Amino acid sequence: MINCRDCIHDCSGAGKNEKSLIIIKPDAVRKKLIGEIISRFEHEGFLIENMKMVEINKELASKHYGEHKGKDFFNKLINYITSGCSVAMVVSRENAIKRAREMMGTTDSRKAKKGTIRGDFGEDVTINVVHGSDSEESAKKEIKLFFG
Ligand code: IDP
Ligand code: MG
């Protein structure tokens, strides 16, 4: 058996598609929303290219959220994202980054529209169910950080 990411096939459509790193955060895993969230992405035409359950430790969390170091919510964010298992996945489709963020809804779950993932399942500005890369540059960096 070979790890799927090492296989010779190009499932993503010969470079036409954009990739994003999605994290199903610990609150969503506890709420048993893994299947619901993956279904939403698949129904929107995303291909799940790689996926794993991961207990994010403080070191990985600090690297992933490096841009927020020094902000007043940083410690709260790190405690939250390290509070249990997450699911990290590489998803792809056309305009994956923009479309994923539309589907997620705005950062503050209380302001996110109904029908978005955060609007339907999030609690507040910290506990907000999912992460999605915000640019091609971040996607590349984040995919490397989580999947090598
Ligand atoms: P994003 O996840 O929508 O891209 P970012 O600004 O990159 O939002 O923030 C990263 C994560 O940090 C958010 O998803 C949320 O969990 C948390 N966060 C963002 N802003 C705040 C805040 O003002 N207070 C508390 N937590 C925050
Ligand atoms: Mg962000």
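Please refer to the structure placed before this passage.
Because the structure is a prediction, the values reported are computed rather than measured.

### A word on the sheet that holds strand S4 (residues 130–132)
Next up, step 1: Read from one edge to the other, the open sheet built from four strands follows the order S2-S3-S1-S4, with strand pairing classed as antiparallel. Edge positions in the open sheet fall to strand S2 (47–55) and S4, since each of these has one partner strand only. Across this sheet, the average inter-strand angle for adjacent strands is 20 degrees, counted without regard to direction.
Next up, step 2: Contacts from helix H5 (residues 96–104) reach strand S1 (18–24), strand S3 (85–93) and S4, with the element oriented near 30 degrees to S1.
Next up, step 3: Running over the sheet, helix H7 (residues 136–147) touches S1, S2, S3 and S4 and is turned about 55 degrees from S1.

### A few points about the pattern of salt bridges
Next up, step 1: Per the stated rule, a full pass over the model turns up twelve salt bridges.
Next up, step 2: Via salt bridges that share partners, Glu44, Arg93, Lys98, Arg99 and Glu102 belong to a single interconnected network.

### Structural notes on H5
Next up, step 1: For H5, every residue scored as buried is listed here: Ala96, Ile97, Ala100, Met103 and Met104. End-on view of H5: buried residues confined to an arc of 130 degrees, all on one side of the axis.
Next up, step 2: In this structure, the buried residues of H5 make contact with S1, helix H2 (34–43), S3, helix H6 (117–121), S4 and H7.
Next up, step 3: One or two steps after H5, the chain reaches Gly105, where phi turns positive at roughly 90 degrees.

### Description of the site of ligand 1
Next up, step 1: Taken together, Lys25, Tyr65, His68, Phe73, Leu77, Arg101, Thr107, Arg118, Val125, Thr126 and Asn128 make up the full set of residues adjacent to ligand 1.
Next up, step 2: Between ligand 1 and Lys25, the relevant distance is 3.0 Å, taken from an oxygen atom to a side-chain nitrogen or oxygen of the residue.
Next up, step 3: The protein chains hide 81% of the 530 Å² of surface that ligand 1 would expose on its own.
Next up, step 4: For the shell around ligand 1, the per-class residue count stands at four nonpolar, four polar and three charged.

Rules used throughout
Residues numbered from 1 in each chain as written. Chains lettered and ligands numbered in written order. Predicted model: local features only at pLDDT ≥ 70, side-chain atom pairs only at ≥ 80, totals over all residues. Heavy atoms only, no water. Pairing = 2+ DSSP bridges. Helix = DSSP H or I, 4+ residues; strand = E, 2+ residues; numbered from the N terminus. Axes fitted to C-alpha atoms, helices over the stretch in contact; angles between N-to-C directions. Contact = heavy atoms within 4.5 Å. Salt bridge = Lys/Arg side-chain N within 4 Å of Asp/Glu carboxyl O. Buried < 20%, exposed > 50% of the residue type's maximum accessible area, 1.4 Å probe, protein only. Arc of directions from axis to C-beta. Near = heavy atom within 4 Å. Polar contact = N/O pair within 3.5 Å; in protein donor to acceptor, adjacent residues only side chain to side chain. Areas by Shrake-Rupley, 256 points an atom, 1.4 Å probe, with all protein chains shown as cover. Nonpolar A, V, L, I, M, F, W, Y, C, P; charged D, E, K, R; others polar.

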